[in-house]
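# What the coordinates show
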Amino acid sequence: MNGVYNGKEGDSSRARIPNWANIRMDYCTSRQSNECEWNLNVKDGVFRETIRTKDFHLEHVIFAHRIFNRAIINQISVTRLSNNGDLTLKLSQNPGPSSIYEKFSYPDRVDIDFNVTSSEIITNRLVHRKCGNTLIVEDERYQKETRAVCVFYTDIPQTLVMKINEFSNIWTFIMTVDESTEVARAEITDLLLLPDHVIFNSHKGSWNNFWSHQFDIHLFGDPNLASAIHASIFYLASNLPSPVTRQPQTQFYGLSPNGLGRGGFNEDYWGHNFWDTEIWMFPTVNFMNSGWARQLLGYRYLVLAAAMDFANETGFRGARFPWESGFTGREVTPEPIYSNEIHITADVSFAMRQYFAMTHDKEWLIDEGCEMSREIARFFASRSVFNETTGKYDINEVIGPDEDNKLINNNVFTNVAASYALKFGVFTECLCSKLINYYPENSPETSLWNKIADNLHINYDAVNDYHPQFDGYKIGTSIKQADTILLGFPLEYQGMNASTRANDLEIYEKVTRASGPAMTWSMHAINHLDLQHKSEADRFLNKSYADYIRSPFNVWCEYTSQGCGAVNFITGAGGFLQVILSGYAGIRTRLDHLLIKNPEKLPDVQKFKIHGLTYMGNRFSVNYDPNVSFIEFSEINENRPRLVVESEGIKYLACRNCKFHIFGDDLKLYLDYSYPINQCLIA
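To start, this report covers the structure provided alongside it. All residue numbers refer to position in the chain's written sequence, counted from 1. Under the rules for a predicted model, residues below a pLDDT of 70 receive no local features and side-chain atom pairs below 80 are neither given nor counted, while totals for whole chains, interfaces and linings still include all residues. Heavy atoms from the whole structure form the basis of all side-chain values; hydrogens and water molecules are not counted.

The subject of this paragraph is the pairing of strand β7 (residues 71–80). Relative accessibility under 20% of the residue-type maximum defines a buried residue, over 50% an exposed one, and the middle range a partly exposed one, all with a 1.4 Å probe and only protein chains included. Labels follow the DSSP assignment, with helices taken as runs of H or I lasting at least four residues and strands as runs of E lasting at least two, numbered in each case from the N terminus. With seven of 10 residues buried, β7 lies mostly within the body of the structure. At least two bridges found by DSSP between two strands are what make those strands a pair. Examined bridge by bridge, strand β6 (residues 56–64) and β7 share nine bridges and lie antiparallel to one another. The residue of β7 that forms the bridge with F56 is R80. Taking the residues that link successive antiparallel strands as the turn, the β6-β7 hairpin has six residues. Note: β7 against strand β13 (residues 168–178), nine bridges, orientation antiparallel. Opposite A71, over in β13, you have T176 as the bridge partner.

Here you go:
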């Protein structure tokens, strides 16, 4: 249940709701029977347990309903193959302890006090109700009350019985949960009124519609890679709000590195939001569905006041987003030293830039974007210190993405990302002044932002032609994960030569520890593709996923060794999918256009197609073909200015079912209108 946390400040973690929908057939509990099989079908969004014996066939499907999105459904269907008396099958129900922390030696840690318990008959079914509240607010300044949680679930019998001469049957068991008792009851009531097949088919239809009409990546060749891609898309999409729901959507509280299923006290990053969202997952989500991208940014805007207070309390202006955030947007990291990863604030700005580049969403800019961008720029202007000796601005005492080297000065990723945030602040102030009359234009404040952005200290070693990661960095010093190489991608920093980028990759690959997190190698792959190092890119593509996903269901792990690490690590899924989308497919966002580079061949893949991409409301696909690659439009937005496709200096108007070949040069997509983007880019 998104946004439900329990615990004060650094003890805040995702609250565990006991799973009364966790039922199993005792027949297969040993997982050793050769009559039992388990299957995860991501196309239908269903986990399936199948039992085949000489006497009966049983299918048990479990799914979190995509439309009735407060519900977990169990459906058990049995077909008899013999008629030898009654058939009795045992069921077990294991909701788990009232708090998951009991198994981690935290017996006093309880998340939710279910102090209201009752039962009632709903549409001729016995339904149990358990309602209560989390026990501790995260920060009383921003959260006045604990979170309410109300669960309804159908009664679970100890046995399922089929009488003699009864040859088929289906049992449906439902659990719903919501903050509102009325919503949870309405959801289970509506489901109980539906026939069993309608419950299943409506869920399946929603997922099938997603793959068919909204987003998919088709590969022709390499089924292992295709399976990894589809699992990654599914794990990301299933942690985001359902596009269509029976009950109204509620406030979205962001993505945790391990999704909604985990994140309890002292495990799997506690269900918190990190930079994982903006740098690793957001770019993929932005291509999949711009509505989801806006909801992710909407969470950051929701907690903007807390971020502004955080900046003020630590002696700075503007907004300082915490390294870890939960319900209130306050810093909730259990280890306060990591609050010094201030690049998180620049990462939020970078995601905002990507969203606006794909949508030119003026309403979002006016309602949320202008304010957030301004306060982020103010933070970095106040956080930067002018160095009289060098004539540059320094950002000192920080932790970069490489968390092994703490409290260093002038982390090169942080400084470049901060300069982007300052520049985006200048851009949005200019644009907002043209959209909203009371906005000032070319204020002394934006002039200062420009000055600082142009003069932030960016470490560069001319002798070795590479970027030292921070002041005093020595070649050979071990690092945790991708840091400096992120200048090449995703930042696409223009202030370096190809030789510098290649040297950064070579130097930092050698010292990145093997126990680092999954997403690092995806960025190596994309950077090598940009440098036309095809064999190296293919090697890193394989390295970015093959050792991080676990069969049989391609569940993502944070690490290749030392166990799995965080589970299911959708941060890794997001980074991996960026390799396909921005690497091999060559899709890059720009504020004034969308760039599509000539797609590259995926290893062991004859062709691939990415469909469901949306730019300014126009839907299209990118197709790699060894003979000639092309883009094809399936929907044209008639409510916006015309979309222009520019290829080899020639401009065309986009049209439905039109194909545009990608030859040696890149394609550009942009709107044919006088919206003052370019004026503000120049400014």
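This brings us to unusual backbone geometry. Residue P490 is reached from F489 by a cis peptide bond, and omega for that bond is 15 degrees. Turning to its location among the elements, P490 is positioned in the loop between α10 (444–455) and α11 (498–511). Residues V567 and N568 are joined by a peptide bond in cis, for which omega reads -15 degrees. Mapping N568 onto the fold places it in the loop between β18 (555–556) and α14 (570–584).

Tracing the sequence through the fold places S82 in the loop between β7 and β8 (87–93). Each C-alpha atom, one on S82 and one on K54, is 7.9 Å from the other, the two residues being 28 residues apart in sequence. Pairs of N or O atoms are called polar contacts if they sit within 3.5 Å, as long as, within protein, a hydrogen donor faces a hydrogen acceptor (for residues adjacent in sequence, only side-chain-to-side-chain pairs). A distance of 3.2 Å separates a polar atom in the side chain of S82 from a polar atom in the side chain of D55.

Okay, the layout of surface pockets next. The way it works is a 1 Å grid over only the protein atoms, where trapped points that fit a 1.4 Å probe form a cavity and open points with protein on both sides within 12 Å along at least five of seven lines form a pocket, and then any residue with an atom within 4 Å of a point lines it. Grid points are joined across faces, edges and corners, and a volume is the space filled by probe spheres set on the points. Of the volumes computed, that of the second largest pocket is approximately 620 Å³. Around the second largest pocket, the lining comprises 30 residues; the ones closest to its centre are R353, Y420, L491, E492 and R590. When residues of the lining of the second largest pocket are traced back to their parent elements, those giving at least two are α4 (275–288), α7 (343–359), α9 (412–435), α10, α14 and β19 (587–589). For the lining of the second largest pocket, the element with the highest residue contribution is α7, accounting for four residues. In terms of residue class, the lining of the second largest pocket is made up of 15 nonpolar, eight polar and seven charged. Note that Gly is not counted as nonpolar here; it falls among the polar residues with everything else outside the nonpolar set of Ala, Val, Leu, Ile, Met, Phe, Trp, Tyr, Cys and Pro and the charged set of Asp, Glu, Lys and Arg.

This brings us to the sheet that holds strand β22 (residues 618–624). With antiparallel pairing, the five strands of this open sheet are ordered in space as β14-β21-β22-β23-β26. The two strands at the open ends of the sheet, each matched to only one other strand, are β14 (216–220) and β26 (659–662). Sheet twist, expressed as the average angle between the axes of neighbouring strands with direction ignored, equals 20 degrees. Where β14 and strand β21 (residues 607–615) come together, five bridges link them in antiparallel fashion. The residue of β21 that forms the bridge with F220 is K607. Lying over the sheet, helix α2 (residues 196–214) contacts β14, β21 and β22, oriented at roughly 95 degrees with respect to β21. Only the stretch in contact is used when a helix axis is fitted, and all axes are lines through C-alpha atoms; the angle between N-to-C directions ranges over 0 to 180 degrees. Contacts were defined at the residue level, with two residues in contact if any of their heavy atoms lie within 4.5 Å.

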